Structure formats: structure tokens, C-alpha cells
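# Commentary on secondary and tertiary structure
Next come the chains, spelled out residue by residue.
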Amino acid sequence: MNLVIDWGNSRIKAASFDRNGLLNQYSFSSKEELILFLKKQKTEAILISSVSGNPTELIHAIEPSVKIIVLSSTTPLPLKNLYATPDTLGVDRLAAACGAWHLFPGQASFIVDLGSCINYEFVD
């Protein structure tokens, strides 16, 4: 099982996946609640995407044998980031662009992300 964590400005969400797809979705009201959840999980890999908090404390709560990827501007992705200042593009926006590319490979996509603010991405 793999786990994806989306730590946004107003909520922390997670989803578990296996080779067949989505297994479960979770929502947490606090970092502490998420850490308790992580300590109980048996996963192979965890992807952390955070626009709100420092994932260091989360990483320490995860079993050392679990592969951890923290999404950043340097994470290898299936897209080339042509943003004028790639290091300042939010990881939530990178994740949305990769999701669109996965759902519609080779097709241009316009993404509207309605989080705590509205973001637009264009992928081609």
C-alpha cells in the first residue's frame, strides 16, 4: 500500500492506494491527528505534498523502512516545469498538473484548483 498526504492551508488529506487504485480517503483536523494515524499505518511508500507545514515532524513519525518522497520543485516529474521561477511554484499546483497529465496524457489541460485560493494551471 502507498499513501499520499496533501497538507493544505485549511485541511490535511490523505489517500491510500494499491496497484488497483484508490483504497481509502482520510481527512485530519490537525498535524497531531495525522501523526497518530501515520504511526499505525503499514505502507511501502508515502508521498508528502505540503504547502502549509514543515513535513519533518511527519517524517519522524513514519517507520524508517518506508520510502518517503516529499514533493518539491526538484522531485522528478513526468512534466517539464516552465514556470518563470520553478522553485516558487506551489507543490499543490505541481500535483494538479501531474494529475491532469496522468488523466489526459498528451492532451492540453486547463486546471482550476479551488483550495483556500483559486489557482489555474495550463498543461500542454
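One can find the structure itself at the top, above this paragraph.
Residues numbered from 1 in each chain as written. Predicted model: local features only at pLDDT ≥ 70, side-chain atom pairs only at ≥ 80, totals over all residues. Heavy atoms only, no water.

## Overview of the overall build of the chain
Applicable threshold: Note on conventions: DSSP H or I runs of at least 4 residues are helices, E runs of at least 2 residues are strands, and numbering of each starts at the N terminus. With C-alpha atoms as the basis for the radius of gyration, the globule rule is written as 2.2 Å multiplied by the number of residues raised to the power 0.38. Type-normalised accessible area, obtained with a 1.4 Å probe on protein chains alone, sets the label of each residue: buried when under 20%, exposed when over 50%, and partly exposed for intermediate values. It only takes one pair of heavy atoms within 4.5 Å for two residues to be counted as in contact. In summary, the charge assignment counts Lys and Arg as positive and Asp and Glu as negative, without counting His or the chain termini. Each charge is placed at NZ for Lys, CZ for Arg, CG for Asp and CD for Glu.
Helix and strand counts for the chain come out as three helices and seven strands. Secondary structure of the chain in N-to-C order comes out as β-β-β-α-β-α-β-α-β-β. Computed over C-alpha atoms, the radius of gyration of the chain comes to 15 Å, within 12% of the 14 Å expected from 2.2 N^0.38 for 124 residues, which places it in the range of a compact globule. Overall, the C-alpha framework of the chain stretches about 40 × 30 × 25 Å when taken along its three principal axes. Burial statistics for the chain: of 124 residues in total, 31% are counted as buried. Considering only contacts within the chain whose residues lie at least 6 apart along the sequence, 31% involve residues at least 24 apart. For the chain, the centre of its 10 positive side-chain charges and the centre of its 12 negative side-chain charges are spaced 4 Å apart.

## Observations regarding a nonpolar patch on the surface
Going by this rule: Like-charged residues are merged into a patch within 9 Å and nonpolar side chains (Val, Leu, Ile, Met, Phe, Trp, Tyr) within 5 Å, provided each residue has over 30% relative accessible area and no salt bridge. Per-residue accessibility takes into account occlusion by the displayed protein chains alone, with areas from the Shrake-Rupley method and a 1.4 Å probe. We count a salt bridge whenever a side-chain nitrogen from Lys or Arg sits within 4 Å of a carboxyl oxygen from Asp or Glu.
Taken together, the side chains of Phe110, Val112, Leu114, Ile118, Tyr120 and Phe122 define a hydrophobic patch exposed on the protein surface, amounting to about 690 Å² of accessible area. Counting residues per element, the ones that place at least two in the nonpolar patch are strand 6 (109–114) and strand 7 (118–123). On the secondary structure map, Tyr120 appears in strand 7.

## A closer look at the pairing of strand 7
This is how the line gets drawn: For two strands to be treated as a pair, DSSP must find no fewer than two bridges joining them.
Alternating residues of strand 7 divide into Asn119, Glu121 and Val123, all buried, and Ile118, Tyr120 and Phe122, none buried. Relative to strand 7, strand 6 is paired through six bridges, and the arrangement is antiparallel. Paired with Val112 across the two strands is Tyr120, which belongs to strand 7. Where strand 6 folds back onto strand 7 in an antiparallel hairpin, the turn is made up of three residues.

## What about helix 3 (residues 91–103)?
Applied cut-off: Helix span, as expected, comes to 1.5 Å for every residue beyond the first.
In a regular helix each residue adds 1.5 Å, so 13 residues correspond to 18 Å; helix 3 covers 18 Å between its end C-alpha atoms and thus fits that length. Val91, Arg93, Leu94, Ala96, Ala97, Cys98 and Ala100 are the residues of helix 3 that are buried. Tucked inside the fold, the buried residues of helix 3 contact strand 4 (45–50), strand 6 and strand 7.

## Structural notes on helix 1 (residues 31–40)
Put simply, the rule reads: Read the arc as the range of directions from the helix axis to the C-beta atoms.
Buried residues of helix 1: Leu34, Ile35, Phe37 and Leu38, and no others. All buried residues of helix 1 project into a common sector of 160° when viewed along the axis, lining one side. Turned more than 90 degrees away from the buried face of helix 1, the exposed residues are Leu36, Lys39 and Lys40. Contacts made by the buried residues of helix 1 are with strand 1 (2–7), strand 2 (12–18), strand 3 (21–28), strand 4 and helix 2 (56–61).

## Regarding the state of the cysteines
Worth spelling out the cut-off: A pair of cysteine sulfur atoms is labelled a disulfide when the two atoms are within 2.5 Å.
What the rule picks out here adds up to zero disulfides. The thiol sulfur of Cys98 is not disulfide-bonded, and the nearest other cysteine sulfur, from Cys117, lies at 18 Å. Since its relative accessible area comes to 43%, Cys117 is described here as partly exposed.

## Thoughts on the pairing of strand 4
Selection rule: Handedness rule for crossovers: strands pointing away from the viewer, path from the first strand over the helix to the second running clockwise, crossover right-handed.
Judged from the six bridges that link them, strand 1 and strand 4 form a sheet pairing that is parallel. The residue of strand 4 that forms the bridge with Ile5 is Ile48. Each parallel crossover has a hand, and the one from strand 4 via helix 2 to strand 5 (residues 67–70) is right-handed.

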